[in-house]
Amino acid sequence: QHKQISGVSSGCQQGGCLTCSDYNGCLSCKPRFFMHLERIGMKQIGVCMTSCPPGFYGTRSPERNTCTKCRLECDSCFNKNFCTRCRAGFYLHLGKCQENCPEGLVRSDTQRECV
Amino acid sequence: RPALRAVIKVTLLKNEPMGKPITLEGLFVGGSAGYAEGKLMQYHPLSLCNTSEDERQESDFITIVKLEHRVRPCLPLLDKARMALDKGAQAVIFDVSDDANAAAELREIDSLPRPVVLVEAEDAEELMGLVNKNEEAKVRIEIMVEQSKWPHYDV
Amino acid sequence: GWIQDKQGPMMPLCPTPCQCEKDGIFVMVDCSELGLSSVPANLSPLTTYLDLSMNNISEIQPRAFHRLHLLSELRISGNQLRYISGHALQGLHNLKVLMLQNNQLERLPDDAPWDLPNLLSLRLDANLLSEVPAGTFRGVRSLRHLWLDDNSLTTIPVTALDSLPSLQAMTLALNQITHIPDYAFTNLTALVVLHLHNNQIQSMGERCFEGLHSLETLDLNYNDLKEFPVAIRTLSKLQELGFHNNNIKAIPERAFVGNPQLQTIHFYENPIQFVGKSAFQFLPKLHTLSLNGATQIQEFPDLKGTTSLEILTLTRAGLSTLPLDLCEQLPRLRVLELSHNQIEDLPSFYHCSALQEIGLQHNQIRRIESQTFQQLTSLRALDLSWNMIEWIHADAFTSLHSLIKLDLTENHLSSVPVAGLGSLTHLKLRGNTNLYEAFSPDNFPRMRVIEMPYAYQCCVYGSCESYKPSNQWDTEQSNTDEDLHKRTVAMYPIHAESHYDPDLEEFQMEIEESKLQTSVQCTPTPGPFRPCDSLL
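An unreviewed UniProt entry annotates chain A as R-spondin-3-like originating from Echeneis naucrates.

Next comes the structure, spelled out in structure tokens:
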């Protein structure tokens, strides 16, 4: 529902791009930007952004910042093992997206959470 | 061991089945000469740096990677080739037009399970041109067989 | 500007040059990367999503969002904001996600904090914050996810974190924190994930993690810890622990007694010398344990109760013996890597039926008994190189049906039993100077790479058919590989003009088959000074 990609424009004119090529898009990003490898049909280009797209989380390190895929059942996540929003049909509880909720909690379809 | 040349036949999916294939050439790396077929899929050089779960392709695909010396080196080219094959590629095509020492790095390689081909100059430009225009294409890789100038006569 | 409506006519109130998209009665507004220097004025009250990222906004004018009561997500990342007062965010009662990363924030509000009662995610990463005032988070009590990484914090903002009872995930990574005081996170009872990697943490209070009853992931990688973090003892729910790339020299006895749920522990790149024998006991969910270079380890660790271990790496230590009941303790072991120790005798690995890889290179093993590797039907790789093996029982390999790689380089073997080695593709025997036997290819139908002590032993692999006795040596020098080379050059004149021969199929099959037959790479390859006939 939200915008697919924030903080980015395609091609080499992006704000976050440090080095770029016509075929591969961004080859490296400016400091503190995340490098995301985005697939558009048969193409895969590098994109530099301030926050990773839905379904990916950002990992910062002194050398580089990269976007990594969340688990399949997550729409968004804090890290590999901690989801912040679930895909339809899954319900969030303490960072886990499950099809059922623990005892004492019920499934909320609007929030996709155990409440 | 001799480096065998590859024939790369490219058919645009939109022109199938009647479309006449574009025939290009490349060089098989080490002992990886062989036959392969699949949809052309570009991979960014950085996508071959770690085994993060790249999206899984449904059908058979052939990876093409444009190597650029400005990309931070993360793995030897052989490991990148293996990683591309591990991701399910039927074969890997490296465009080495902008990475002079790539070819040298891969010359003495033997143990590749499926074809790895180097392309450059016009052949590379033609392939990457298709990619840039997102022209979905099917690629067949074969070993180039040429009739030598003087056929073998038992003289 | 007008709002693009998926179904109906355009709606007013889309600030130019932004792009808007209707979602039912609500509207999502994208003003990213437009060179804006301030927040657009006429935003619709029905805005639920507003993206102002990657602009040149250096200040948020008071009451900029005061009508946006329904706004759920606000992105202002990638701008030049230095400070955002509490008043600037007034009216955002429904805000759930606030992204302020990649700005120049130097200060956060204290006395009049942001009033965002429903905020769940707050991104403050990649700014210039050197401290977090005590009252900053008083107005965001529902917060679950907090990013403070890549700032200039030198201490843990203990007081500010005191009022976040719902916080579940937090990163303070990539700062300059040097110490974690006792009770630093006392009230964070819901915290599940805590990232502290890439700081300069040298010390921690023994009670610094008190209160973190729900913590499952603790990342202390890339710090300057000199002592083992005993403070983890209170983390009964801990599943994933990382303290690799630190300065820790010892892992004490019963180190993880308080963490029975541990599944992974990463502690490589530490100068670990000593490991308590009981350090890794009773970790029923641990599946990987790797210790390299802990030279003071003399005895194999007692792994009682650590029954799910699949990968055990214990190299460059001082082990001389292995427990006889090793496999009873570790029934699920898949990879056992014990290279560079002083092991002399081997127990039977009989009960380790899941073993796929064994690395015992660079030890002092002398004999291989019949039952040592019995029933290891899944074993694929066995490295016994650089030992002192003189004798291998005839039945030692009989049940290794899946073995494809066997390395016996640099031992003292005079014979090698071949029974059971039919699946080998790689066999290495170099350096066994008393081993003269030429093994028939029939023993190894799938062989691809074989290394022998002497060149003549490669002749059975057809590597030297055309090496005639020395007097004809100079005139007809070629070997099978070269034969292939000649035929290939004739067929592939690389720089010749390319006539492509359409009738390929049959020829390519021939190439494939010929590659298989002559592809056994046997070394050392016979040559002028390594003739086929044994000099002896």
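Having put the structure on the table, let's press on.
### Concerning the overall build of chain A
Assigned secondary structure in chain A consists of zero helices and 12 strands. Mapped from its N terminus to its C terminus, chain A presents α and β elements in the order β-β-β-β-β-β-β-β-β-β-β-β. The 115 residues of chain A split such that 50% are buried. Of the contacts made within chain A by residues no fewer than 6 positions apart, 19% connect residues no fewer than 24 positions apart. Of the roughly 5,300 Å² of accessible surface on chain A, a fraction of 51% belongs to carbon and sulfur atoms.

### With respect to the state of the cysteines
All names here are of chain A. A complete count under the given rule lists 12 disulfides over all chains for this structure. Residue Cys17 pairs covalently with Cys26 via a disulfide, S to S 1.9 Å. Comparing Cys17 with Cys26 shows no difference in burial state: the two are buried. Across the disulfide from Cys101 sits Cys114; the S-S distance is 2.1 Å. The sign of the -85 degrees torsion about the S-S bond sets the Cys101-Cys114 disulfide as left-handed. Within this pair, whereas Cys101 is found in the loop between β10 (96-98) and β11 (107-108), its partner Cys114 is found in strand β12 (residues 113-114), the two being separated by 13 residues in sequence. Each member of the pair, Cys101 as well as Cys114, carries the same accessibility label: buried.

### Focus on the environment of Gln61 of chain C
Residues and elements named next belong to chain C. Relative to the helices and strands, Gln61 resides in the loop between β3 (47-51) and β4 (73-75). Residue classification places Gln61 among the partly exposed positions, given a relative accessible area of 30%. Along the sequence, Gln61 and Ala41 sit 20 residues apart, while their C-alpha atoms lie 9.9 Å from each other.

Quick notes on the rules
Within every chain, residues take consecutive numbers counted from 1 along the sequence as written. Chains and ligands are labelled by the order in which they are written, letters from A for the one and numbers from 1 for the other. Per-residue local features of the predicted model are confined to residues with pLDDT of at least 70, and side-chain atom pairs are confined, for both listing and counting, to 80 or more; whole-chain, interface and lining totals are unaffected and use all residues. As a rule here, side-chain values cover all heavy atoms of the structure and leave hydrogens and water aside. Secondary structure follows DSSP: runs of H or I at least 4 residues long count as helices, runs of E at least 2 residues long count as strands, and numbering of each begins at the N terminus. Exposure classes here rest on a 1.4 Å probe applied to the protein chains alone. A residue is buried below 20% of its type maximum, exposed above 50%, and partly exposed in between. Only heavy atoms enter the contact rule, under which two residues are in contact if any of them lie within 4.5 Å. Methods summary: accessible areas were calculated by the Shrake-Rupley approach with a probe of 1.4 Å, and residue burial reflects only the protein chains presented. Count a disulfide wherever a pair of cysteine sulfur atoms falls within 2.5 Å.

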